[in-house]
Structures are given as structure tokens and as C-alpha cells.
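Below, each chain spelled out in residue letters.
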Amino acid sequence: MIHTQIDERGYYGRFGGAYIPEMLQANVEELRVNYLRMLEDPEFRREFDLLLKDYVGRPSPLYYADRLSQHYGAKVYLKREDLNHTGAHKINNTIGQILLAERLGKKRIIAETGAGQHGVATATVCALKGLQCIVYMGEVDIERQAPNVARMRMLGAEVRPARSGSRTLKDATNEAIRDWINNPEDTHYIIGSVVGPHPYPDMVARFQSVISEEMKWQLAEKTGRDYPDAIVACVGGGSNAAGAYYHYLNDERVRLIAVEAAGLGVDSGESAATSQLGTEGIIHGSRTLLMQTEDGQIVEPYSISAGLDYPGIGPLHAFLIDAKRAEAVSVTDDEALAASLFVARQEGIIPALETAHAFAALDHMSYGPEDVIVVCLSGRGDKDLAAFSAYLESQPLP
Amino acid sequence: MNRLTKLFAAKPRDILNVYFTAGFPTLDSTVAVIRNLAEAGADLIEVGMPYSDPMADGETIQQSSMKALQNGMNLKLLFEQLTEARRHTQVPLVLMGYYNQVMQYGPERFVAAAAAAGVDGLILPDLPAYEYERDFREIAEAADLQVSFLITPQTPDERIRQIAESSTGFLYVVSSSSITGGSSEISDRQRAYFDRIAALDLPNPKLIGFGISDAATFRTACEYFNGAIIGSAFIRALGGQEDRVGEATQAFVKRILEPSYS
Ligand SMILES: Cc1ncc(COP(=O)(O)O)c(C=O)c1O
């Protein structure tokens, strides 16, 4: 069995660590020495659980998707993170981190966002706690995820455009890190995925682990056994996947399927399929797989999905894929768009473009009729209606 | 003897270290910048290896890095240029960059190439102390490359002592809690921080960097330690000077060292 917990330096095997300049050390160290103690504090637990229940609306349902099951010839269950308040799994993490920030006495919250779901989830918890909120977002993403920009502003957050590089998630993350360097005392940085320097990957995975914690008893109730045969999740940085895998990481009966965005195609030069195109290196303070040139310059990724348009993956996923514990599947823009439409019309659920990649992966897999497959339905597609409308117009009339 | 050791022995005060991004403003300006900096009186030169995602750097260095990469700069070419520069000057050279570049080049191969090109020291701000001791210190020492680490106003005394022990070169005293590129007067709070470091009585030479942008801030910094590092202000001075890199470089150094010069 592989060792799926971090070691004392924040490594999963050789992936992880904290490759940060000294200017970030104080901030990161403060979190590192406090996070486990705070997370295990019964009072923290109580407040976290209560907010997840009454504010987020957890537990999220595990829904048996009858028509998808018939179509695929397997038992397909959907873990409905799209029904959470703010419409995605991202809020599980921001609730946890805002409670932490509050206990650390922070007054100012910063975040990066790609699809805007993490930005909205951060703006939401800041409103809830009355804290100042600044969200960095790539200029390209501000354009393609306009509804979420409006939501963040409605919630009182300031959205600051990241104008460097590909003007997407990677660049927004760089800007957030720079802000944190410039504000070493009163600011907490709520990272939106299982990326960044230790302790972020582990901390975010713990907050998201509620997804598989619920899956266990929900599956037991519905299928008579508390594990599925496979869990399918999309991977941008990998937080919904980490949460959906968490309690099954060491359960080899469960296949873990990590779905990446292939953009226009893995070999097209316009892709974000990190585990296939990436090599080992350092991005945003973490040793992991990333897309880079031979010289170690980070390559600008591409995906239609802003939340998957990132040139790295969290160190846990690099480790799981390297150890062959998780299987990586990649899905193109077109496959994801087709899957969105298909799921919308089969189940009456419009998934986020990120999540649509996970659905499209079902076409790449094979299974037996009794197999139980859980798809992590990480978010809803309201924010992507512009992309869906354009796609519909390009389709022949039925 | 390592040129840095020699420099600090010969000149304990008022050391001017100027940073520039290799390949900026043009791909082949590296040698001219180094030669003119040295001629005009810079004591030490920090050569930035341009990186796509320089997380500790502000807009100025970020943009110069982007330009340098667009110009076609890469490590192989940089080592060739440094070898050429070494034919003309014995000024100490320190390479500054992010660890991913070193990792991809291969730490052993990188150190060997840097030493062969006449480099004297390295600054790798995102290489953590533990990984440095485990993967890097021995090979750098064997090649007589001195490695400098950063300390900031947030670094506790105990940690400063550990960092000073790891540093085989000068200590890089980051003047304030910020990314590179700021410029303002040196505040009372900063003075208190410098005094705190001075009181630790560490054996390493110390240079102050970040926010040193003109003759006045350079002078003040020199009152505290062995000298100071100027980066973004020089990059700004090189901007748009593609055709007169030499003159712009000399004029910049003169403005720092001879405040009456304009
Ligand atoms: C709905 C949804 N799913 C997935 C992701 C990808 O993030 P992660 O891989 O961290 O789950 C995002 C990111 O914005 C998202 O909004």
C-alpha cells in the first residue's frame, strides 16, 4: 500500500514541499504550525460542521442517475456538489479557511480564481464574516466568466485583473502571492485548490474530504457497501478530486479517475493535460508535475474551462498518478461541450464546464453492469451559459 | 580565491551591487551591460536568469524577464555570454533565479556550467534551507560557488542565525516586506530592523536590497551594512535604451555613486 499522507515536510513521496521565498515564510509558517491544531479543535469542528450543514446545505445528495446508468451500462451516481450554496465544491474549502483566518486574527482576505467559483465562494464567506476581500482573476477569465465577476462584486469583493502571461489562473495566482508578500501581517490567502506550498495541499484536501466522508455512508445506504468501484473527478488543481478520493486513497478496490482538460487536443499545443504534457518541477511553491519548456519556463496552458486552465496539478495528484494509484484521462473542449449538452438532456442537470470533463470521461472508460461509478458533480453550469449558447448555435437543429 | 571573498576583504563598505535581467533590453546586451557596470564602478553584479513566473518580483523585473525570454534568452546562451564577459572583467558575478530553472538544467550540470563561466555566487530565493542542505550545498561548495540567502523584517532572530549559517555568501537583507520594485525613503521601522540584524553580530557580509533606487537610499543603506543592491531602478533606466545600452548603464551608475552627476 502506498503512503497517501504527507510527511513532516509536506511531501507526498517526492511531490510537495514549500519552495517559497523568505518573504512568504512568515505567512506560510504561521499556517503550518497552526492548521492541524485548529482543525482538530472541537470548537472549530463544531462551527465548521454547522456552517456546512445550515449555510452550505450539506450533506450534498448522492443521486442515482438512472438514464445515465442505462446509457453507460453501469450504476452511475452523482455527488451533487453543484447543489451547495454558491454552486460548487469550492465553498467547503473557503468555509474552513475563513474560520482559520478568523482564529489567526486576519482582517484582509485575498484569493485567486479561474472559473470564478472559488472567487465567489471566497467573497461569500468574507461577507459572512465581515472581512475585506480581494480576488485576483486573469483578464481572459474575467471576460469568459462574467456572471461570477458580477456575483463577487455584488458580495462586496474587489476583483483585480491579472494582466501578465496568459492572463488566466496561473497569473492570478502569481498576483495573489505577490499581494501576500506585500501584506505579511493582516492578510490570509485563501488558495482555491490543493496546490501551493505546504500546508495548503493537505489543508484544502482535509476541508474537501467531507465529500468522500458523506459518500461512504450514502453509498452504504444506497448500495449496501460503502465504496464504489470508481470515482471520476475533473482536475484543475485537484481539490474536488482530492475531496472525492480522500477516504478511499488507500482502498485499492476503488479506481480513482482524474480527468484533465485536453483543450484542442493533447498534442495540439493548446492543452492543459498536465499529467501527460508535464514534467517534474516547481510551480507556486510546490514540487509537482507541470507543463514547462526544457529550460524550466512554465508553459501557458489552454482549456475552454477556466477552472481547468492551469499548467500544474496538486502534488497529491502528481503522486497518485506517478504511483499508478490514480488514472489520468484527458478530455477535449468539444467532448466536454457535448457531454454538457448530453447530461443536461438526460438528467436535467446543467454541469459546469469543468465538471463536464468528468462526464465526458465516462465515454473513455469500460465497466461491468454491476459497477458503481461515482462522478463528482463539482459545480453547476450557470456561469458557462455563454459558452453553452455558442455551442448550441453551432449544432445542427434537432 | 572566490572573487566575492576577495571583494569583501578589500572593500568592506559602500559596495554597489547592481542587478539586471540577462537578455534585457536586447538578447546580446548582457556582455555590454556587465562591462559598462564594472567600468563605471559597480563592485558586484547580480545577473537575473529570466523566468516566466518570478513570484517574488514586481512588475518591472517581471516585464524585463518576459522581454528577455521573448528575445530568446536561455541558460545555455547565458553561460556563453558570461564566459565572454569574463574575458573582459574580473568583477564578481552572482546569478539570481528561481529553483525550477536549476532543477530542469540539473543541479550538478548547472553548478558546473556556472563555475566554468566564471560565476562566483548564486541567489535562489525559492530554494528552501532543508532542500538546499540535502541537494545543493555540497555541489555548490565543491565548485566554490557561494550561495546567498534572503532575510526579511519578518524573519525571527533564531531563523536569521540558521540562515546565516547556511549562507556561504553574503546575506541578502530584504529591506521591507515587499516584492521588488518599490522605491521610497528608508523608514524608522526599517532602521530598527537593520539595527536588530546588526546586533546579532553575524560573521557574513550583508547587502541591503529591495527598494534601493537612487543615490540617497543607497547611501543610507551603506550606513548599516557592507553595501546595497539596486535592481528595478536600473531596469527602468535601461528601458527604451536598446541602442545605447553602454551609455545608459554608465550614466545610471554615475548617478548613484556621484550624486552631483546628472
Ligand atoms: C465547478 C468546478 N469544478 C472543478 C474546478 C477545478 O478545481 P479543482 O481541480 O480544484 O477541483 C473548478 C475550478 O474553478 C470549478 O469551478
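Along each chain, residue indices are assigned from 1 in the same order as the chain's sequence is written. Think of it this way: whatever chain is written first is A, whatever ligand is written first is 1, and the rest follow in order. Local features in a predicted model are, by the rule used here, given only for residues with pLDDT of at least 70; side-chain atom pairs are given and counted only at 80 or more, and totals for whole chains, interfaces and linings are based on all residues. Water and hydrogen atoms play no part in the side-chain values, which are based on all heavy atoms of the structure.

Engineer: Any chance you could explain the overall build of chain A here in plain terms?
Structural biologist: Counting its secondary structure elements, chain A contains 16 helices and 14 strands. Overall, the C-alpha framework of chain A stretches about 55 × 45 × 45 Å when taken along its three principal axes. Expressed as a percentage of the 398 residues in chain A, the buried residues total 64%. The method behind every accessible area is Shrake-Rupley, applied with a 1.4 Å probe, and residues are considered shielded solely by the protein chains displayed. For chain A, the accessible surface area stands at approximately 13700 Å², while carbon and sulfur atoms represent 51% of it. Counting rule for charge: Lys and Arg are taken as positive, Asp and Glu as negative, and neither His nor the chain ends is counted. Lys charges are placed at NZ, Arg charges at CZ, Asp charges at CG and Glu charges at CD. Taking the average place of the 38 positive charges on the side chains of chain A and the average place of its 54 negative ones, the gap between the two points comes to 4 Å. Every helix listed is a DSSP run of H or I at least four residues long, and every strand listed is a run of E at least two residues long, numbered separately from the N terminus. Each residue is assigned to one of three classes by its accessible area relative to the maximum for its type, calculated with a 1.4 Å probe on protein chains only: buried under 20%, partly exposed between the two thresholds, exposed over 50%.

Engineer: Where do I start with the environment of B:Leu122 in this structure?
Structural biologist: Residue and element names in this part refer to chain B. Relative to the helices and strands, Leu122 is located in strand β4 (residues 121-123). For Leu122, a relative accessible area of 0% corresponds to the buried category. Taking C-alpha positions, Leu122 is 9.4 Å from Val47, a pair spaced 75 residues apart along the chain. Contact definition: two residues touch when any of their heavy atoms are within 4.5 Å. In contact with Leu122, other than residues within four places in its own chain, are Val94, Leu95, Phe110, Phe136, Leu145, Gln146, Val147 and Ser148.

Engineer: Before we go on, may I ask you to explain the environment of B:Ser178 in this structure?
Structural biologist: All names here are of chain B. Relative to the helices and strands, Ser178 resides in the loop between β7 (171-174) and α10 (188-199). With a relative accessible area of 14%, Ser178 lands in the buried category. Residues Ser178 and Pro153, spaced 25 residues apart in sequence, show a C-alpha to C-alpha distance of 10.0 Å.

Engineer: Looking at this model, I keep getting lost on the confidence of the model for chain B. Mind explaining?
Structural biologist: Interpretation of this model should avoid reading the predicted coordinates in detail wherever pLDDT is low. What pLDDT reports is the predictor's confidence in each residue, on a scale of 0 through 100. This prediction gives chain B a mean pLDDT of 95; 99% of its residues lie at or above 70. The complex prediction reports pTM at 0.96, with the ipTM value standing at 0.95.

Engineer: Explanation requested: the sheet that holds strand β13 (residues 326-332) of chain A in the structure shown.
Structural biologist: Sheet strands pair via backbone hydrogen bonds, and the direction of the pair is either parallel or antiparallel. Residues and elements named next belong to chain A. One bridge is not enough; two strands pair if DSSP finds at least two bridges between them. Ordered in space as β3-β4-β14-β9-β10-β13, the six strands form an open sheet in which the pairing is mixed. Each edge of the sheet is formed by a strand with only one pairing partner; in this case those strands are β3 (62-64) and β13. Strand-to-strand twist across the sheet, computed as the mean angle between neighbouring axes with direction ignored, equals 25 degrees. Inspection of the sheet shows β3 paired to strand β4 (residues 75-80) by three bridges, in the antiparallel sense. Of the residues in β4, the one forming a bridge with Leu62 is Lys79. Those strands touched by helix α14 (residues 333-347) are β3, β10 (255-263) and β13, and its axis lies near 95 degrees from that of β13. As a rule, the C-alpha atoms of each element are fitted with a line to give its axis, helices using only the stretch in contact, and angles between N-to-C directions run from 0 to 180 degrees.

Engineer: Would you explain the sheet that holds strand β1 (residues 15-21) of chain B in this entry?
Structural biologist: Residues and elements named next belong to chain B. A sheet is described by the order of its strands in space; here nine strands give the open sequence β5-β4-β3-β2-β1-β9-β8-β7-β6, paired in parallel fashion. For this open sheet the edge positions go to β5 (146-148) and β6 (150-151), each flanked by a neighbour on one side alone. For β1 and strand β9 (residues 227-230), the ladder comprises four bridges, and the chain directions are parallel. Bridging from a neighbouring strand, Leu16 pairs with Ala228 of β9. Together, β6, β7 and β8 (206-209) form the strand contacts of α10, whose direction differs from that of β7 by roughly 155 degrees.

Engineer: Help me understand the nonpolar core, please; the structure alone is not making it clear to me.
Structural biologist: In globular proteins that are soluble, nonpolar side chains generally tend to be buried together. Of all hydrophobic cores here, the largest spans 189 residues; its most connected members are B:Val47, B:Phe79, B:Leu82, B:Leu95, B:Phe110 and B:Phe136. In contact with B:Leu95, not counting residues within four places along its chain, are B:Val47, B:Met49, B:Leu78, B:Phe79, B:Leu82, B:Phe110, B:Ala114, B:Val119, B:Gly121, B:Leu122 and B:Ile123. A:Val329, A:Ala336, A:Leu362 and A:Tyr367 belong to the second largest nonpolar core, which has 31 residues in total. The definition of a nonpolar core used throughout is a set of buried Ala, Val, Leu, Ile, Met, Phe, Trp, Tyr and Cys residues joined through side-chain atoms within 4.5 Å.

Engineer: Help me understand the site of the ligand in this model?
Structural biologist: Residues and elements named next belong to chain A. For this purpose, a residue is taken to be near a molecule or strand whenever a single non-hydrogen atom of the residue falls within 4 Å of it. Around the ligand, 19 residues are found, and the nearest of them are Ser193, Gly236, Gly238, Ser239 and Ser378. Distance and chemistry together define a polar contact, namely a pair of N or O atoms within 3.5 Å, with one atom able to donate a hydrogen and the other to accept it when in protein, and with adjacent residues in sequence counting only for side-chain atoms on both sides. Take His89: an N or O atom from its side chain is 2.9 Å from an oxygen atom of the ligand. Within the side chain of Lys90, an N or O atom sits 3.1 Å from an oxygen atom of the ligand. Within the complex, 98% of the 390 Å² of free accessible area of the ligand lies under protein.

Engineer: I tried to follow the packing of helix α2 (residues 30-40) of chain B against helix α13 (residues 245-257) of chain B on my own but got confused; where do I start?
Structural biologist: Think of two packed helices as two axes; the pair is described by the angle between the axes and how far apart they sit. All names here are of chain B. Interhelical geometry of α2 versus α13 gives an angle of 35 degrees and a closest axis separation of 9 Å. Judged by the twist between their axes, the crossing of α2 over α13 is right-handed. Across the interface between the two elements, Ala32, Val33, Asn36, Leu37, Glu39 and Ala40 from α2 touch Val245, Gly246, Thr249, Gln250, Val253 and Leu257 from α13. Side-chain classes are defined by residue name, with Ala, Val, Leu, Ile, Met, Phe, Trp, Tyr, Cys and Pro counting as nonpolar, Asp, Glu, Lys and Arg as charged, and the others, Gly among them, as polar. Taken together, the residues of the contact of α2 with α13 break down into seven nonpolar, four polar and one charged. Left-handed describes a crossing in which the near helix is turned anticlockwise from the far one by less than a right angle; the clockwise case is right-handed.

Engineer: Honestly, the interface of chain A and chain B in this entry has me stumped. Any pointers?
Structural biologist: On the chain B side, the residues contacting the 34 residues of chain A number 37 residues. Summing both partners gives a buried area of about 3000 Å² for chain A against chain B, and 53% of it is carried by carbon and sulfur. When two parts are put together, the accessible area they lose, computed with a 1.4 Å probe and summed over both, is reported as buried area. On the chain A side of the contact with chain B, A:Glu22, A:Met23 and A:Arg178 bury the most area, a combined 22% of that side's loss. In the sections that follow, a salt bridge refers to a side-chain nitrogen of Lys or Arg positioned within 4 Å of a carboxyl oxygen of Asp or Glu. Scanning the region where chain A abuts chain B turns up three salt bridges. Here B:Arg159 and A:Glu22 are joined by a salt bridge, their closest N and O atoms 2.8 Å apart.

Engineer: Can you walk me through the UniProt feature "active site" (unreviewed entry) in chain B in this structure?
Structural biologist: Residues and elements named next belong to chain B. UniProt positions are given in the numbering used here, feature names are shortened, and annotations may be inferred rather than shown by experiment. The positions UniProt marks with the feature "active site" (unreviewed entry) are Glu46 and Asp57. Set against the second largest cavity, the annotated residues that line it come down to Glu46 and Asp57. Summarising the element assignment, Glu46 is placed in strand β2 (residues 44-48). Beyond its immediate chain neighbours, meaning those up to four positions away, Glu46 contacts Asn17, Val18, Tyr19, Phe20, Val94, Met96, Ile123, Tyr172 and Ile229. Cavity: a set of points on a 1 Å grid over the protein atoms alone where a 1.4 Å probe fits but cannot get out. Pocket: an open set with protein on both sides within 12 Å along at least five of seven lines, its lining residues, like those of a cavity, having an atom within 4 Å of a point.

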